[in-house]
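Residue-level listing of the chains:
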Amino acid sequence: LSRLRTPGGGQRMAMKGRLAYVADLESGVQLVDLSTPGKPRIIGAHKTPSHALDVSFEDKLELIGYDVEPETWTPGQELTVTWYWKCNRALEEGWMLFTHIADSTGNSRLNSDGESDVRRLYQPGRWKAGEFVRDVQRVTLPDDWNSERATFFLGIWNGPHRLQITRGTNDG
């Protein structure tokens, strides 16, 4: 087992062959398979989220919950939302996650589609059946946010196609 300190300063990695245990303060410890260059595969990243959900996207992916920190916020303040996904069946390449944030009137105010390492480096088209994936997003609501509520809309898309929600709350 070789131990490395990553350049980001806050992470540590221990490697054994092509497997790496990556630890940082925000995401805990994750086992990552590095056997395919350019395609890291997160193994065993499951944790019980603070807010459980039961949303299935065509029985292929499940959104099983989320954590949010801080639980209450003010405009201009950054919040961290960690989404917990489970892959039941692998998707083809090209599928991506989206996050849109609406105010209490239903107006979509923010598009945070690319705001996480998972969304930039490990999209759902790469996930393997049985994997649990933690998607950590940092979102800053605009200073002019005048709504008491922020509603997050999440989904999976590929070009003009979206996976449909077959179980759980959806937007219609």
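Description of the structure in this document. Counting restarts for each chain, with residues numbered from 1 along the sequence as it is written. The predicted nature of this model means local features are confined to residues of pLDDT at least 70 and side-chain atom pairs, given and counted, to a pLDDT of 80 or more, with totals for whole chains, interfaces and linings taken over all residues. Excluded from the side-chain calculation are hydrogens and water; included are all heavy atoms of the structure.

1. With respect to the overall build of the chain
We count it as follows: Strands are runs of DSSP state E lasting at least 2 residues, helices are runs of H or I lasting at least 4, and numbering of each runs from the N terminus. Accessibility here uses a 1.4 Å probe with only protein chains present; expressed as a share of the type maximum, an area under 20% marks a residue as buried, one over 50% as exposed, and anything in between as partly exposed. Here a residue-residue contact requires only that any non-hydrogen atoms of the pair lie within 4.5 Å. Exposure was quantified through the Shrake-Rupley algorithm and a 1.4 Å probe, taking into account, for residues, occlusion by the shown protein chains and nothing else.
Along its length, the chain carries one helix and 14 strands. Counting every position in the chain, which comprises 172 residues, the buried fraction comes to 38%. Across the chain, contacts joining residues at least 24 apart in sequence account for 55% of those joining residues at least 6 apart. Of the accessible surface of the chain, which amounts to about 9,800 Å², a share of 51% is contributed by carbon and sulfur atoms.

2. Let's talk about the sheet that holds strand β11 (residues 132–140)
Operational definition: Whether two strands pair depends on DSSP finding at least two bridges between them. For every element, the axis is a line fit to its C-alpha atoms; helices are fit only across the contacting stretch, and the angle between N-to-C directions ranges from 0 to 180 degrees.
Taken in spatial order, the five strands line up as β11-β8-β7-β6-β14 in an open sheet, and their pairing is antiparallel. The sheet is open, and its two borders are formed by β11 and β14 (165–167), each paired with just one other strand. Strand after strand, the sheet turns through a mean of 35° between neighbouring axes, direction not considered. In this structure, strand β6 (residues 51–57) lies alongside β14, joined through two bridges in antiparallel fashion. Within the sheet, the bridge partner assigned to Phe57 lies in β14 and is Ile165.

3. Thoughts on the pattern of salt bridges
A pair can form between side chains of opposite charge whenever their charged atoms are brought close. Stated formally: When a carboxyl oxygen of Asp or Glu lies within 4 Å of a side-chain nitrogen of Lys or Arg, that pair is called a salt bridge.
In total, this model carries five salt bridges according to the counting rule given. The partner of Asp54 in a salt bridge is Arg167, with the nearest N and O atoms 2.9 Å apart. With Asp54 in strand β6 and Arg167 in strand β14, this residue pair connects regions lying 113 residues apart in the sequence. Here the residues in one salt-bridge network are Asp54, Glu62 and Arg167, joined through shared partners.

4. Some remarks on the sheet that holds strand β12 (residues 151–158)
One key point about sheets: their strands pair by backbone hydrogen bonds, in either a parallel or an antiparallel sense. What the four strands build is an open sheet, ordered β10-β9-β12-β13; its pairing is antiparallel. Sheet topology places β10 (108–111) and β13 (161–162) at the edges, where each strand pairs with a single neighbour. When strand β9 (residues 96–102) meets β10, the two strands line up antiparallel, connected through three bridges. Opposite His100, over in β10, you have Asn111 as the bridge partner.

5. Structural notes on unusual backbone geometry
Of the consecutive residues Glu69 and Pro70, the connecting peptide bond is found in the cis state with omega at -5°. By secondary structure assignment, the location of Pro70 is in the loop between β7 (61–69) and β8 (78–87). Non-glycine residue Glu58 carries a positive phi angle of around 55°. A positive phi angle, near 60°, is found at Asp59, a position not held by glycine. Mapped onto the secondary structure, Asp59 falls in the loop between β6 and β7. The exposure class assigned to Asp59 is partly exposed, which follows from its relative accessible area of 47%.

6. Topic: the nonpolar core
Rules: Only buried residues count toward a nonpolar core. Its members are Ala, Val, Leu, Ile, Met, Phe, Trp, Tyr and Cys residues joined through side-chain atoms within 4.5 Å.
If you look at the biggest cluster of nonpolar residues, it comprises 26 residues, and the most contacted ones within it are Phe57, Leu61, Trp85, Trp127, Leu141 and Ile156. Of all the elements in the fold, those that place two or more residues in this core are β6, β7, β8, β9, β11 and β12. Examining the composition of this core, we find that five residues originate from one element, β8, more than from any other.

7. Describing the environment of Ala90
Relative to the helices and strands, Ala90 is located in the loop between β8 and β9. By relative accessible area, Ala90 is classed as partly exposed at 47%. Ignoring sequence-local partners within four residues, the contact set of Ala90 consists of Trp127 and Ala129.

8. As for the pairing of β6
Side-chain direction in a regular strand flips from residue to residue, so the side chains alternate between the two faces of the sheet. Here β6 runs beside β7; their pairing, made up of five bridges, is antiparallel. Bridging from a neighbouring strand, Ala52 pairs with Gly65 of β7. Linking β6 to β7, which pair antiparallel, is a turn of three residues; within it Glu58 sits at a positive phi near 55°.

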